[in-house]
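# Coordinate analysis (summary)
Chain residues, written in single-letter form:
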Amino acid sequence: MLGDLLPNLDVIVTIVLRGTAVGALFAIVAMSFNIVHNAAGIFNFAQGSIFLLGAFGAFVLADRAGFGLWLPMLVLVALAVGALTALQGWITLLPLRSSVEQDSWLISTVAVSVIIAASLTLAFGSQGNMVQGPLPRYTIIGVRTPGAFLLAIGAMFAWYVALRWFLRRTFTGLAISALSQDFDAARAAGIPVRRLQLLAFGVSGVVAGSVGFMVAPMISVSPDAGLRYVLNGFVAAVVGGIGNNTGTLIGGPLVGVIAALTAFYVGGAYQDLASLLVLVLILMFLPQGLFGRAAARKV
Amino acid sequence: MAAAVLPGPAADRPLRGSFNSDRQQVAIGTCLILLTGLAPSLLGNSYWEHAFQLVNIYIAVAVLQNLLFVDAGQKSFGQGAILGLGAYGLAIASGLNGMPLAAGLLAGVLAAAAGGLLFAMPALRVQGFHLGFVTMSAAIVFPQLLNQLDWFTRGLNGISMTIPALQTRPFAGISWLTLLVTAVPVVALLAHYALRQAPLGRRMRIAAESPEAARSLGIRPGIMRSLAFVLASVGTGICGLLYVPAVGFISPQGFLIELSFVFFFAVVVGGRGQLLGPIVGIWIVFILPTVFLVKLVEYKPLVYGLMTLAVVILFPDGVVGTFETWRRRRRQGGGGERGFRLEAVTRLFSALPDVPSADVGAAPVLTVRGATKRFGQVVALDGVDFDVRPGEIHGLVGANGSGKTSLLNVISGLSRLDAGRYQLRGRDMTRLAAAAIAEQGLGRTFQTPRVFQSYSVWNNLQMGLDARPAAPDPALAAALAALRDDHAEDSPSLLSHGQRRILEVVRVVLKDPSIVLFDEPAAGLSSVEREEFAALVRQLARKLGKAVVLVEHDLDLVWGIADRITVLETGRVVASGAPADLARDPAVQHLFVGGAHA
């Protein structure tokens, strides 16, 4: 009995590799959640669709132009998605300027998510598309692994280090970090709050869009796929502790491996159910996540 | 004495219209539903008959979504899945497995309630966007599961089921089915209205808007959130039961996440919190694209996404809400400094006999021993001993950061002691939650008054009565009736800061606690309001025998009305005693600028 449940080494390596690679994408989405959350107190429900925009960028550009221009196109798509996300941020922050209503972002970001998915469906149809990648397959511990898997894991660490440097070592990044402590104090200190929040939206778009472009070969590039990444990215953010980028390095791969295990033992269609159960359990028993700080009480 | 500082009757304040238009909106909404539900059958138009059967089911779901969203403050993106659970419960039990209809109906409601419980469990611990993601995830997963469990649900093939008995037409060409699907949204609308008038509805709203104020009134916010999810889910499940005969066929494609978004967007477009909102919202979000984009089905999600975004940015109050805001603006304004008048109550209190002085200074109602509270390295409270007796006004003073508010928060249960213990009326409260302590007879106010704009001034006071353990005696009830007549239609948004404070104070008094904690009550009060407040506090102690703890920076006020004063410094008690003695205490002198009061 036990022998049936314990698969051979190849299967274990496959599950861990695939889980970590897919989980790295969840971690990336979680990081881009955190950037906006820390700077504006907003959780961008459209982050999954924004990630997907990068992948569609690869579908439109990279497949046709060949891989010689892969790097410049990556930069172009990342910046374009970043600009679009900053525009979304501007729209999202508009009602917050005047009104006492603080929930409107929840509605407008969900609406934008629906708009992006609907526009992609109109432009490309609702089926999934395949995209070729520049990297070949590699053999790791005897398992043939798509290059995009390694790209995904590499991008997670690269963006983690880059964001850490930006938020801790540059003046602008420090100012954005200061926003997460206290908006009013930041404004009183002469920090241009609104501009920095837009920048945070833009950076989150560059992060998600660039990785979407790079990993397009390993995902199903279909308009409704964004929901899967927004859901699992949120679970990764909650597991790691909301606002904590270091936590996403564990949270993302953990959620990815759980999904891969579910796919192997139960069936691919149950992966999102597994993530939902992880989310409910974490929120019930460990609402601050594995690495989050307890929020101070407000009275 | 007290009566002297209270000015006479205020000038007349002509007001047009009522505080809100809930009653009118229910009436209009009911007419619209009856008209659209019944007229197509009367005219024999089967296309519109069928169309409005579905529309009215959706309206009922949106009404419940409105209740959940605004009255209970819960953002759910998963109500479409709950509707599906109700429908599938019935169709699987009775349609596929041939169980009796009653069993199928029960199965549908139970399935929906179970889905609601899945949402409600995390709601006990977390709120806000967390629940948004949980419910959205559930709405994503639900159709996936329906597809996957095809041995049970028939997967993509779906289930056909009709209930022939409902197709008979007993009156004027109107079928039982049409009657039922017309009645359900009307009942949902009336239930929503009734809930708003009831203490339960007020409790949900307080829990949603100010959890700490809720707990100080003995309300458990997690329970309120979960209850709201379960109530809305059972109602939505009933809508799911009717969906089956109305459509005749169910499949996973009918319950994709887009459906959940339709309900949510309908509430926003129609006007969040407006009773008529979900009706107008479903018409705009669901009917308009269905009619005008009939050839361009694939544009529908784009259209309602753009519509919602435009509404959020341009008319954040939604269609009905924009009209309501305009109507409220046309009402004539407030009563200036006399906008909130409580002579009826103060007159009643001042007519009461004094509490016998023998009872004053009896056994302490509150005893705190060795209270210690740390925040990381900072010691906010460092072994504080503190007693308050019935009928005593106890001032708590000290510089900013000396631990006054920390002590109040510990006593009211909003934060936990690291060491030490405390008793209220002889019972140990150290480990109890805030709501339980409030039920044991503690009341408090907050530095920023917790006044709820969506309720009238009188409703705001009623929140205190809702939390009162026993019904008010006849004399108080009569005084309250006078207050109600004055303020049932008044909007708290027209009250000054000081009047809001007084309002909060009266609310706590109506809760009838044995000890009341005031956190900087005089900040921002005018001199008249300050006198009014002082008179009210004196009445509380002298006439009603309450113990009062007063945290206040206005030392004149404290020295003027307190019986005893405790001075805190960096979390320690440095002096405690009668005001006259304390004013000469060197430990206290530096609190007074220039020592002018010594």
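Note that the structure is a prediction, hence the values are computed from the model and not measured.

### Let's talk about the overall build of chain B
When you go through chain B residue by residue, the secondary structure sums to 24 helices and 12 strands. Taking the principal axes of its C-alpha atoms as reference, chain B extends roughly 90 × 55 × 45 Å. Taken over 598 residues, chain B has a buried fraction of 56%. Taking as baseline every contact in chain B between residues at least 6 positions apart, the subset at least 24 positions apart corresponds to 75%. For chain B, the accessible surface area stands at approximately 23,200 Å², while carbon and sulfur atoms represent 61% of it. One way to put it: in chain B the 51 positive side-chain charges average out to a point 5 Å from where the 42 negative ones average out.

### What to know about the interface of chain B and chain A
The interface of chain B with chain A comprises 47 residues on the first partner and 42 residues on the second. Carbon and sulfur atoms make up 82% of the surface buried where chain B meets chain A, a total of about 4,000 Å² over both sides. On the surface where chain B and chain A come into contact, there are two residue pairs in polar contact (both at pLDDT 80 or more). At the level of elements, helix H4 (101-123), helix H5 (129-148), helix H9 (211-216), helix H11 (257-270) and helix H13 (300-314) of chain B are the ones that each hand at least two residues to the side of chain B that touches chain A. Per element, the largest residue contribution to the side of chain B that touches chain A is 13 residues, and it comes from H5 of chain B. Here the side of chain B that touches chain A is composed, by residue class, of 30 nonpolar, nine polar and eight charged.

### Let's talk about the environment of Phe142 of chain B
Residues and elements named next belong to chain B. Topologically, Phe142 is positioned in helix H5. Of the residues examined, Phe142 reaches a relative accessible area of 10% and is grouped as buried. Along the primary structure Phe142 and Ile82 are separated by 60 residues, whereas in three dimensions their C-alpha atoms are 9.2 Å apart. Those residues in contact with Phe142 that sit more than four places away from it in its chain are Ala81, Gly84, Leu85, Tyr88 and Phe255.

### Quick look at H13 of chain B
Residues that lie three or four places apart on an α-helix share one face, since the helix turns once every 3.6 residues. Between its first and last C-alpha, H13 of chain B extends 21 Å over 15 residues, near the 21 Å set by a 1.5 Å rise per residue. Along H13 of chain B, the residues that are buried comprise Leu302, Tyr304, Gly305, Thr308, Leu309, Val311 and Val312 of chain B.

### Comments concerning the sheet that holds strand S4 (residues 378-388) of chain B
All names here are of chain B. Taken in spatial order, the four strands of this open sheet run S4-S3-S6-S7, and their pairing is antiparallel. Where the open sheet ends on each side, the last strands, each with one partner, are S4 and strand S7 (427-428). Pairing geometry for strand S3 (residues 366-375) and strand S6 (residues 419-424), over five bridges, is antiparallel. The partner of Thr372 across the bridge, within S6, is Ala419. The sheet strands contacting helix H16 (residues 404-411) are S3, S4 and S6, and the helix crosses S4 at an angle near 65°.

### Regarding the pairing of strand S12 (residues 572-577) of chain B
Residues and elements named next belong to chain B. Note: strand S11 (residues 564-569) against S12, five bridges, orientation antiparallel. Along S12, the bridge assignment pairs Ile565 with Gly577. Taken together, S11 and the strand that follows it, S12, pair antiparallel across an intervening segment of two residues, in which Thr570 is found at a positive phi of about 40°.

### Some thoughts on the confidence of the model for chain A
Per-residue confidence for chain A gives a mean pLDDT of 87, with 91% of residues at or over 70. Per-residue pLDDT stays below 50 along residues 294-299 of chain A; that stretch engages in 10 contacts with residues further than four places along the chain or on separate chains.

### Concerning the pattern of salt bridges
Residue and element names in this part refer to chain B. One pass over the structure, following the stated rule, counts 19 salt bridges over all chains. One salt bridge connects Arg220 with Glu439, and the closest N-O pair in it is separated by 3.1 Å. Separated by 219 residues along the polypeptide, Arg220 in the loop between H9 and helix H10 (221-247) and Glu439 in helix H17 (residues 434-439) bring together distant segments of the chain. Overall, the relative accessible area of 35% leaves Arg220 in the partly exposed class. Between Arg369 and Asp387 there is a salt bridge, with its nearest N and O atoms 3.2 Å apart. Taken together, the positions of Arg369 in strand S3 and Asp387 in strand S4 put the pair 18 residues apart, joining distant regions of the chain. Taken together, the salt bridges that share partners define one network made up of Asp22, Asp71, Arg196, Arg205 and Glu209.

### Things to note about the packing of aromatic side chains
A complete count under the given rule lists 36 aromatic pairs over all chains for this structure. Between the aromatic rings of Phe43 of chain A and Phe133 of chain B, the centroid separation amounts to 5.7 Å while the plane-to-plane angle is 75°, which identifies the pairing as edge-to-face. With Phe43 of chain A in the loop between helix H2 (9-40) and helix H3 (47-65) and Phe133 of chain B in helix H5, this residue pair bridges two chains. For the pair formed by Phe43 of chain A and Phe133 of chain B, the shared burial category is buried. Aromatic pair Tyr243 of chain B and Phe255 of chain B: ring centres 5.1 Å apart, planes at 50°, arrangement tilted. Linking Tyr243 of chain B in helix H10 with Phe255 of chain B in the loop between strand S2 (249-250) and H11, this pair joins segments that are 12 residues apart in sequence. Over the ring of Phe19 of chain B we find Arg328 of chain B, and its NZ or CZ is 4.9 Å from the ring centre. Residue placement shows Arg450 of chain B over the ring face of Phe446 of chain B; its charged tip is 4.6 Å from the ring centre.

### Some details on the sheet that holds strand S5 (residues 393-397) of chain B
Residue and element names in this part refer to chain B. A sheet is described by the order of its strands in space; here six strands give the open sequence S8-S9-S10-S5-S11-S12, paired in mixed fashion. Edge positions in the sheet fall to strand S8 (442-444) and S12, since each of these pairs with one other strand and no more. Going across the sheet, the axis of each strand differs from the next one's by a mean of 20°, ignoring polarity. Its contacts with the sheet put H16 on S5, S8, strand S9 (515-519), strand S10 (547-551) and S11, and the angle it makes with S9 is roughly 145°.

### Some details on the confidence of the model for chain B
For chain B, per-residue confidence averages 86 on the pLDDT scale, and residues scoring 70 or more make up 92% of the total. Under a pLDDT of 50 for its full length, residues 1-12 of chain B has, in the predicted model, 11 contacts with residues more than four places off or in other chains.

### What about helix H1 (residues 22-43) of chain B?
All names here are of chain B. Given a rise of 1.5 Å per residue, 22 residues ought to cover 32 Å, and the 31 Å separating the end C-alpha atoms of H1 matches this to within 8%. Of the positions making up H1, those classed as buried are Asp22, Gln25, Val26, Gly29, Thr30, Ile33, Thr36, Gly37, Leu38, Pro40 and Ser41. In this structure, the buried residues of H1 make contact with helix H2 (46-71), helix H7 (176-197), helix H12 (277-292) and helix H14 (318-330).

### Notes on the nonpolar core
Ranked by size, the top nonpolar core spans 200 residues in total, and within it Met218 of chain A together with Leu83 and Ile282 of chain B carry the most contacts. In this structure, Val397, Val457, Leu465 and Leu555 of chain B belong to the second largest nonpolar core, which totals 47 residues.

About the cut-offs
- Residues numbered from 1 in each chain as written.
- Chains lettered and ligands numbered in written order.
- Predicted model: local features only at pLDDT ≥ 70, side-chain atom pairs only at ≥ 80, totals over all residues.
- Heavy atoms only, no water.
- Helix = DSSP H or I, 4+ residues; strand = E, 2+ residues; numbered from the N terminus.
- Buried < 20%, exposed > 50% of the residue type's maximum accessible area, 1.4 Å probe, protein only.
- Contact = heavy atoms within 4.5 Å.
- Areas by Shrake-Rupley, 256 points an atom, 1.4 Å probe, with all protein chains shown as cover.
- Lys, Arg positive; Asp, Glu negative; His and termini not counted.
- Charge placed at Lys NZ, Arg CZ, Asp CG, Glu CD.
- Buried area = accessible area lost by both parts, 1.4 Å probe.
- Polar contact = N/O pair within 3.5 Å; in protein donor to acceptor, adjacent residues only side chain to side chain.
- Nonpolar A, V, L, I, M, F, W, Y, C, P; charged D, E, K, R; others polar.
- Expected span 1.5 Å × (residues − 1).
- Pairing = 2+ DSSP bridges.
- Axes fitted to C-alpha atoms, helices over the stretch in contact; angles between N-to-C directions.
- pLDDT = per-residue confidence, 0-100.
- Salt bridge = Lys/Arg side-chain N within 4 Å of Asp/Glu carboxyl O.
- Phe/Tyr/Trp six-rings, centres within 6.5 Å; stacked < 30°, edge-to-face > 60°.
- Lys NZ or Arg CZ within 6 Å of the ring centre and 35° of its normal.
- Core = buried A, V, L, I, M, F, W, Y, C linked by side-chain atoms within 4.5 Å.

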